[in-house]
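Each chain, written out:
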Amino acid sequence: MLQNLFIPARSLASVAYHSTSFRQAASQAYHSTSVRTVGQAAGQLCIVQLLTSRTLQTTGHSHSTLARHLASLATTQSGSRSFLTSPPAPGHNSSAMSVEAAKALAGAAAVNNHVNAATKVVGIGSGSTIVYAVQRLAERVKEEGLEVRCVPTSFQARQLILQHGLVLGDLEIEGRIDVTIDGCDEADRDLTLIKGGGGCQTQEKIVAEYSDTFIVIADYRKDSVKLGQAWKYIPIEVVPMAYRPVMARLGDQLGGRAELRMAKAKAGPVVTDNGNLIVDWYWDQGREMNWREVNTIIQCMAGVVETGLFVGMADKAYFGMEDGSVMDRCRGGQ
């Protein structure tokens with residue numbers, strides 16, 4: 001009896017990479033999932049197939065040609081139904097698919113546009129979106145013979161580098177990084193970022209700071225006019241002995257409320273790769289914030305290691321959109 005299955009974009013990418021054509025990849029998807037979900041699976045494959053091509057090279061602020069290319073490819077052999085518009089299986093959240101596809105598009109666009117033969121050291125960010133950038137980077141290294149060393153921003157990033165057969169580097173050896181590609185939890189119109197949802201903001205900020213170019217990748221949900229529309233708190237890494245006084249001082253000086261982040265798969269608090277704790281500061285949404293000043297105030301509190309505010313650091317961001325396009329924006333909202 002057929003089961004309703006959903007194939008994640010990461011698995012579909014693997015299929016698409018090893019297929020000679022989209023048709024063959026779609027056929028494989030058909031035989032590995034149910035009739036009711038094959039349309040969505042093939043739609044994912046279509047996007048993955050496209051993101052590995054050079055059609056993602058930037059030609060303007062909106063990659064609208066990609067959306068048209070998607071529409072032309074995303075049809076069944078009989079041409080009777082679009083893979084991308086097939087009805088979702090009962091109980092399946094179709095928006096989750098579009099989010100993963102958007103992440104993949106943003107990651108591939110960043111790698112295609114900011115890594116070339118002259119690039120020698122690449123900073124690898126952390127989180128769910130960076131997975132797709134690393135996949136694309138590994139593909140280009142294999143196809144084009146690129147010689148790059150990768151500096152990780154977390155344990156997760158280090159594992160991604162090793163799993164994809166890329167060369168592992170570090171700041172002690174490299175000293176300087178050509179380009180860092182990383183995700184974000186939210187970006188405003190000026191590319192002020194909130195990062196640290198995964199607890200890696202300290203190493204992420206170090207790697208970004210010592211990079212010639214810092215590129216941000218995200219899906220459409222992370223793009224905001226002002227901070228707070230998509231993300232409600234600032235992650236702050238704190239030395240364990242100082243978490244209580246830091247929480248109190250945040251409230252006294254900046255208002256809002258602070259909470260110690262608790263782990264979900266272990267008893268007790270989240271512990272960072274650096275052995276510290278995470279305090280999440282929920283600021284007063286009704287108060288206008290000068291984020292550069294706020295960042296400085298928090299950094300000056302004894303016991304604070306680093307904040308998740310990245311102010312004036314990102315050079316450019318790529319946002320994968322729901323329609324299959326990629327929107328790019330430079331610092332300052334251009």
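Summary of the structure given here. Since the structure is predicted, the reported quantities are computational estimates derived from the model, not experimental observations. (Residues numbered from 1 in each chain as written. Predicted model: local features only at pLDDT ≥ 70, side-chain atom pairs only at ≥ 80, totals over all residues. Heavy atoms only, no water.)

A few words now on the overall build of the protein chain. Tallying secondary structure elements over the protein chain gives 11 helices and 14 strands in all. Within the protein chain, the proportion of its 334 residues that are buried is 50%. The contacts of the protein chain with a sequence gap of at least 6 include a subset with a gap of at least 24, amounting to 75%. Accessible surface, the protein chain as shown: approximately 15200 Å² in total, 52% of it carbon and sulfur. (Helix = DSSP H or I, 4+ residues; strand = E, 2+ residues; numbered from the N terminus. Buried < 20%, exposed > 50% of the residue type's maximum accessible area, 1.4 Å probe, protein only. Contact = heavy atoms within 4.5 Å. Areas by Shrake-Rupley, 256 points an atom, 1.4 Å probe, with all protein chains shown as cover.)

General note: in soluble globular proteins, nonpolar side chains tend to be found buried as a group. Ranked by size, the top nonpolar core spans 27 residues in total, and within it Ile 124, Ile 130, Leu 137, Ile 181, Ile 217 and Tyr 318 carry the most contacts. When contributions to this core are tallied by element, the ones reaching two or more residues are helix H5 (94–114), strand E1 (121–124), helix H6 (130–144), helix H7 (155–163), strand E4 (177–182) and strand E7 (211–219). In this view, Leu 137 contacts Val 111, Val 115, Val 122, Ile 124, Val 148, Cys 150 and Leu 166; residues no more than four positions away in its chain are not counted. Among the nonpolar cores identified, the runner-up in size contains 25 residues, and Ala 242, Trp 281, Val 294 and Met 301 belong to it. (Core = buried A, V, L, I, M, F, W, Y, C linked by side-chain atoms within 4.5 Å.)

Taken as a whole and judged by the stated rule, the model has five aromatic pairs. Geometrically, the ring pair formed by Phe 214 and Phe 310 is tilted, given 6.3 Å between the ring centres and 40 degrees between the ring planes. Of this pair, Phe 214 sits in strand E7 while Phe 310 sits in strand E12 (residues 309–310), and the two are 96 residues apart along the sequence. For Phe 310, a relative accessible area of 0% gives the class buried. Consider the rings of Trp 281 and Trp 283, whose centres lie 6.4 Å apart with planes at 45 degrees: the pair is tilted. Of the two residues examined, Trp 281 and Trp 283, each falls in the buried class. (Phe/Tyr/Trp six-rings, centres within 6.5 Å; stacked < 30°, edge-to-face > 60°.)

A few words now on the pattern of salt bridges. Inspection of every chain in the model, using the stated rule, returns 14 salt bridges. Glu 204 serves as the salt-bridge partner of Lys 195, at 3.3 Å between the closest nitrogen and oxygen. Note on Lys 195: relative accessible area 2%, which makes it buried. Glu 259 is the salt-bridge partner of Arg 257, the closest N and O atoms lying 2.9 Å from each other. Residue classification places Arg 257 among the partly exposed residues on the basis of a relative accessible area of 46%. When its relative accessible area of 33% is taken as the criterion, Glu 259 is described as partly exposed. When salt bridges that share partners are traced, they join Asp 182, Lys 195 and Glu 204 into one network. (Salt bridge = Lys/Arg side-chain N within 4 Å of Asp/Glu carboxyl O.)

Here is the key point about a regular strand: its side chains alternate between the two faces of the sheet. For strand E13 (residues 316–320) and strand E14 (residues 326–330), the ladder comprises five bridges, and the chain directions are antiparallel. Residue pairing for E14: Gly 320 is matched across the bridge by Val 326. (Pairing = 2+ DSSP bridges.)

Moving on: the sheet that holds E12. If you trace the three strands from one edge of the open sheet to the other, you get E5-E6-E12, paired in antiparallel fashion. Two strands bound the open sheet, and with one partner strand each, they are strand E5 (186–187) and E12. Where E5 and strand E6 (residues 193–194) come together, two bridges link them in antiparallel fashion. By the bridge assignment for E6, Glu 186 is matched with Ile 194.

Here the focus is helix H10 (residues 243–254). Over its 12 residues, H10 runs 16 Å from end to end, which matches the ideal 16 Å to within 8%, given 1.5 Å per residue. All of the buried residues along H10 are Val 246, Leu 250 and Leu 254. For H10, the angular spread of buried residues about the axis comes to 45 degrees, placing them on one side. Seen from the buried face of H10, the exposed residues on the opposite side, beyond 90 degrees, are Arg 244, Pro 245 and Asp 252. Where the residues of H10 are buried, they touch strand E8 (234–238), strand E9 (257–260), strand E10 (277–282), helix H11 (291–299) and strand E11 (304–307). Positive phi shows up at Gly 255, right after H10, with a value of about 80 degrees. (Expected span 1.5 Å × (residues − 1). Arc of directions from axis to C-beta.)

For Val 115, the position within the fold is in the loop between H5 and E1. For the pair Val 115 and Leu 146, spaced 31 residues apart in the sequence, the C-alpha separation amounts to 9.0 Å. When sequence neighbours within four positions are dropped, the list of residues in contact with Val 115 reads Ala 110, Val 122, Leu 137, Arg 140, Leu 146 and Val 179.

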